[in-house]
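One letter stands for each residue in the lines below.
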Amino acid sequence: MDKITKLQILLTINSMQANDLFELILSGDITLDEMIANNLNPSLLTQIQARQTKEKQNKVTESDMIATCKRIENGELNAGRIKSLLLEGSINEDILLNHTSMTADMISKVKNYQKQPTPFLSWSDLPPLQNGYTDLYFFGQPGSGKSCILASIFYYLEQQAMIINNSYNKQGNIYRDLLKGEISYGILPDSTAVEGVNYIPFELINHENKGNKHPLNFVEMSGELFNKAYEGGINADSLAARNYLNNTNRKLIYFVLDYDQHEKSKTISSGPSQSAKMESILAQLDDFGTLKYTDGIYIVVTKTDLFPEGVDRYQYAKQFLESSYNSFLVNCKYLQDKHRNNFDITVYPYSIGQVKFQNMLVQFDLRSPKELVEDILAETFVTKKSILGKLFR
Ligand SMILES: Nc1nc2c(ncn2[C@@H]2O[C@H](COP(=O)(O)OP(=O)(O)OP(=O)(O)O)[C@@H](O)[C@H]2O)c(=O)[nH]1
Ligand SMILES: [Mg+2]
């Protein structure tokens, strides 16, 4: 089920029949916990629980379990759902070990997996962006991989001891810890709340270059806000509330382009293309005055572990963009010329590693976060050098 349909169902959940809700839970599209979090009324809850108990009493056959394993192997069920199946006895560990590629370690992680609520806020709850920092924006449609990029970067930075903490936005720090914790555990972050936004400020310390410090605000907005800006323009209701985009901080802009979704959209229709959305947002960022303060535009092609075997990641990403996103590239180039080359345009292939069973990271690959961080160090100003004046423009 796609995310929009799921959200629509969750919004109207109390007008549905208990039987239909039960089927949705069975299919793995929506969990009972998600329904409860969306104010499922107590009478529906009781009816669903009664059906669940009855269902459990019907004996599950081995062939049912093997059929479920096939669905798991096809990526139809996520870690949370597999955990519920284990708990309710619809599947057991031996069957999983014998009929899926899950290892004992993964099964144990799934069993102990406890989903934490994501601290995503609405604009009005956030403090203004820290002044005199470089703002890094991550734009992309729902599910394109923004949270996974941030999670992998924060994990890498912490491993390298490169973060100097501050407390300008405590909710941002909590979100950073959560992302890092989830990715190191191996079960990936949840989709960011519908209209959610968060920012994470810290200074990045460059151990290799005299311990220079780069003050950064990482801004993540939900894919829904990105879609909203495409449909209704950049304004205080979408990407530009609280002067986030029209302050005078220097900026790096990351357009996150989902390679997997692109490939799937060849066979399944999924609304306006990523290219159309990105071109529109780019033009709006220019109208909005944001590009005047932009030092770099990055086109991050995500999920490149799904590229064909053996290709050169950079070459393939470049060719992929030139053949399928040429119009977006031409628009970037046009704006680069218009702004007298004050920003570079860079393409990144990005992968966090091998992902299976929807949201389980079975092999973590730190190459992409390392490359992205190296570029951040090269492109953003430091607080120790003579360009300190830049802070007080
Ligand atoms: N194969 C593969 N899948 C990935 C990778 N990164 C993310 N994914 C998959 O994409 C899903 C969505 O990633 P998120 O980072 O949550 O996407 P998002 O852009 O933050 O989405 P919203 O919060 O809904 O806007 C993950 O649960 C993974 O299944 C990757 O590098 N490789
Ligand atoms: Mg997200």
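Residues numbered from 1 in each chain as written. Chains lettered and ligands numbered in written order. Predicted model: local features only at pLDDT ≥ 70, side-chain atom pairs only at ≥ 80, totals over all residues. Heavy atoms only, no water.

*Asks:* If you had to explain the overall build of the chain to someone new, which residues and values would you point to?
*Replies:* Per the secondary structure count, the chain includes 16 helices and 9 strands. Since a compact globule built from 393 residues should have a radius of gyration of about 21 Å, the 22 Å found for the chain is in line with a globular shape. If one aligns the C-alpha atoms of the chain with their principal axes, the spans along those axes are about 75 × 45 × 45 Å. Expressed as a percentage of the 393 residues in the chain, the buried residues total 49%. Contacts in the chain between residues far apart in sequence, at least 24 positions, make up 76% of those at least 6 positions apart. Summing over all exposed atoms, the chain offers an accessible surface of approximately 18500 Å²; the carbon and sulfur share of this is 49%. Between the centroid of the 40 positive side chains of the chain and the centroid of its 46 negative side chains there is a distance of 5 Å. (Helix = DSSP H or I, 4+ residues; strand = E, 2+ residues; numbered from the N terminus. Rg over C-alpha atoms; globule rule 2.2 N^0.38 Å. Buried < 20%, exposed > 50% of the residue type's maximum accessible area, 1.4 Å probe, protein only. Contact = heavy atoms within 4.5 Å. Areas by Shrake-Rupley, 256 points an atom, 1.4 Å probe, with all protein chains shown as cover. Lys, Arg positive; Asp, Glu negative; His and termini not counted. Charge placed at Lys NZ, Arg CZ, Asp CG, Glu CD.)

*Asks:* Describe the nonpolar core, listing the residues and the values that go with them.
*Replies:* By size, the foremost hydrophobic cluster in this structure holds 37 residues, and its most contacted members are Tyr 137, Phe 139, Phe 255, Leu 285 and Phe 328. Apart from residues lying up to four places away in sequence, Phe 255 is in contact with Phe 139, Met 278, Ile 281, Leu 282, Leu 285, Ile 297, Tyr 298, Ile 299, Val 300 and Phe 328. Among the nonpolar cores identified, the runner-up in size contains 36 residues, and Leu 150, Leu 157, Ile 376 and Leu 377 belong to it. (Core = buried A, V, L, I, M, F, W, Y, C linked by side-chain atoms within 4.5 Å.)

*Asks:* Explain the sheet that holds strand 4 (residues 212-221) to me, and be specific about the residues and the numbers.
*Replies:* The sheet built from 7 strands is open, its strands ordered 2-3-4-1-5-6-7 with mixed pairing. The sheet is open, and its two borders are formed by strand 2 (163-164) and strand 7 (344-350), each paired with just one other strand. Here helix 14 (residues 313-324) sits on the sheet in contact with strand 5 (251-258), strand 6 (294-302) and strand 7, set at roughly 115° to strand 7. (Pairing = 2+ DSSP bridges. Axes fitted to C-alpha atoms, helices over the stretch in contact; angles between N-to-C directions.)

*Asks:* Describe the site of ligand 1, naming the residues involved and giving the relevant values.
*Replies:* Near ligand 1, the surroundings consist of 22 residues, among which Lys 3, Ser 191, Thr 192, Asp 305 and Gln 358 are the closest. A distance of 3.5 Å separates an oxygen atom of ligand 1 from a polar atom in the side chain of Glu 220. Between Ile 352 and ligand 1, the recorded distance is 2.9 Å, taken from a backbone N or O atom to an oxygen atom. Looking at which element gives the most residues to the shell around ligand 1, the answer is helix 9 (residues 146-159), with 3 residues. Here the shell around ligand 1 is composed, by residue class, of 6 nonpolar, 11 polar and 5 charged. (Near = heavy atom within 4 Å. Polar contact = N/O pair within 3.5 Å; in protein donor to acceptor, adjacent residues only side chain to side chain. Nonpolar A, V, L, I, M, F, W, Y, C, P; charged D, E, K, R; others polar.)

*Asks:* Before we move on, could you go through the packing of aromatic side chains and cite the residues and values that matter?
*Replies:* Throughout the structure, instances matching the rule amount to 16 aromatic pairs. When the centroid spacing of 4.7 Å and the interplanar angle of 15° are considered together, the rings of Tyr 254 and Tyr 298 count as stacked. Placement of the pair is Tyr 254 in strand 5 and Tyr 298 in strand 6, with a sequence separation of 44 residues. Here Tyr 254 falls in the buried class, since its relative accessible area comes to 0%. Following the ring pairs from residue to residue traces out a cluster consisting of Phe 138, Phe 154, Phe 202, Phe 218, Tyr 254, Tyr 298 and Tyr 348. (Phe/Tyr/Trp six-rings, centres within 6.5 Å; stacked < 30°, edge-to-face > 60°.)

*Asks:* I'd like a rundown of the confidence of the model for the chain, residues and numbers included.
*Replies:* Of all residues in the chain, 93% attain a pLDDT of 70 or more, and the chain-wide mean is 88. Here residues 385-393 is modelled with pLDDT under 50, and outside its nearest four sequence neighbours on either side it reaches 11 contacts, counting other chains as well. (pLDDT = per-residue confidence, 0-100.)

*Asks:* Describe the pattern of salt bridges, listing the residues and the values that go with them.
*Replies:* Counted by the stated rule, this structure contains 16 salt bridges. The residue Lys 180 makes a salt bridge to Glu 158 at a minimum N-O spacing of 2.9 Å. Residue Lys 180 is found in helix 10 (residues 170-185), and its partner Glu 158 is found in helix 9; the two are separated by 22 residues along the sequence. Relative accessible area serves as the criterion here: at 36%, Glu 158 is assigned to the partly exposed category. Between Asp 286 and Lys 338 there is a salt bridge, with the nearest N and O atoms lying 2.6 Å from each other. You can see Asp 286 sitting in helix 13 (residues 274-287) and its partner Lys 338 sitting in helix 15 (residues 326-338), a full 52 residues away along the chain. On the basis of relative accessible area, Lys 338 is assigned to the partly exposed category, the value being 45%. It is possible to trace a salt-bridge network through shared partners that takes in Glu 158, Asp 177 and Lys 180. (Salt bridge = Lys/Arg side-chain N within 4 Å of Asp/Glu carboxyl O.)

*Asks:* Any details on the domain arrangement of the chain? Residues and values, ideally.
*Replies:* Interfaces are often sized by the accessible area lost when the parts come together. Assigned domains of the chain: these are domain 1 (3-112) and domain 2 (123-392). Each of domain 1 and domain 2 has a C-alpha centre, and the two are 33 Å apart. Residue-level contacts link 18 residues of domain 1 with 13 residues of domain 2. Where domain 1 abuts domain 2, roughly 1300 Å² becomes buried across the two surfaces, and 59% of that area is made up of carbon and sulfur atoms. Together, Lys 3, Met 106 and Lys 109 form the three largest contributors to the area buried by domain 1 at its contact with domain 2, with a combined 39%. Counting across the interface, domain 1 meets domain 2 through 2 salt bridges. Where Lys 3 meets Glu 224, a salt bridge forms, and the shortest distance between an N and an O atom there is 3.6 Å. One can count 5 residue pairs in polar contact (both at pLDDT 80 or more) joining domain 1 with domain 2. Elements that contribute at least two residues to the side of domain 1 that touches domain 2 include exactly helix 1 (3-11), helix 5 (62-73), helix 6 (79-88) and helix 8 (104-112). Residue contributions to the side of domain 1 that touches domain 2 peak at 5 residues, all from helix 8. When its residues are assigned to classes, the side of domain 1 that touches domain 2 shows 9 nonpolar, 5 polar and 4 charged. (Domains from an automatic or database assignment. Buried area = accessible area lost by both parts, 1.4 Å probe.)

*Asks:* Hey, could you go over helix 9 for me, with residue numbers and the actual values?
*Replies:* Owing to its 3.6 residues per turn, the α-helix brings residues three or four apart onto one side. If you check helix 9, its first and last C-alpha atoms are 20 Å apart, about what 14 residues at 1.5 Å a residue would give, namely 20 Å. When you tally the buried positions in helix 9, you get 11 out of 14 residues, the bulk of the element. The set of residues buried in helix 9 consists of Lys 146, Ser 147, Cys 148, Ile 149, Leu 150, Ala 151, Ser 152, Ile 153, Phe 154, Tyr 156 and Leu 157. In the segment just after helix 9, Ala 161 is the residue with positive phi, at about 55°. (Expected span 1.5 Å × (residues − 1).)

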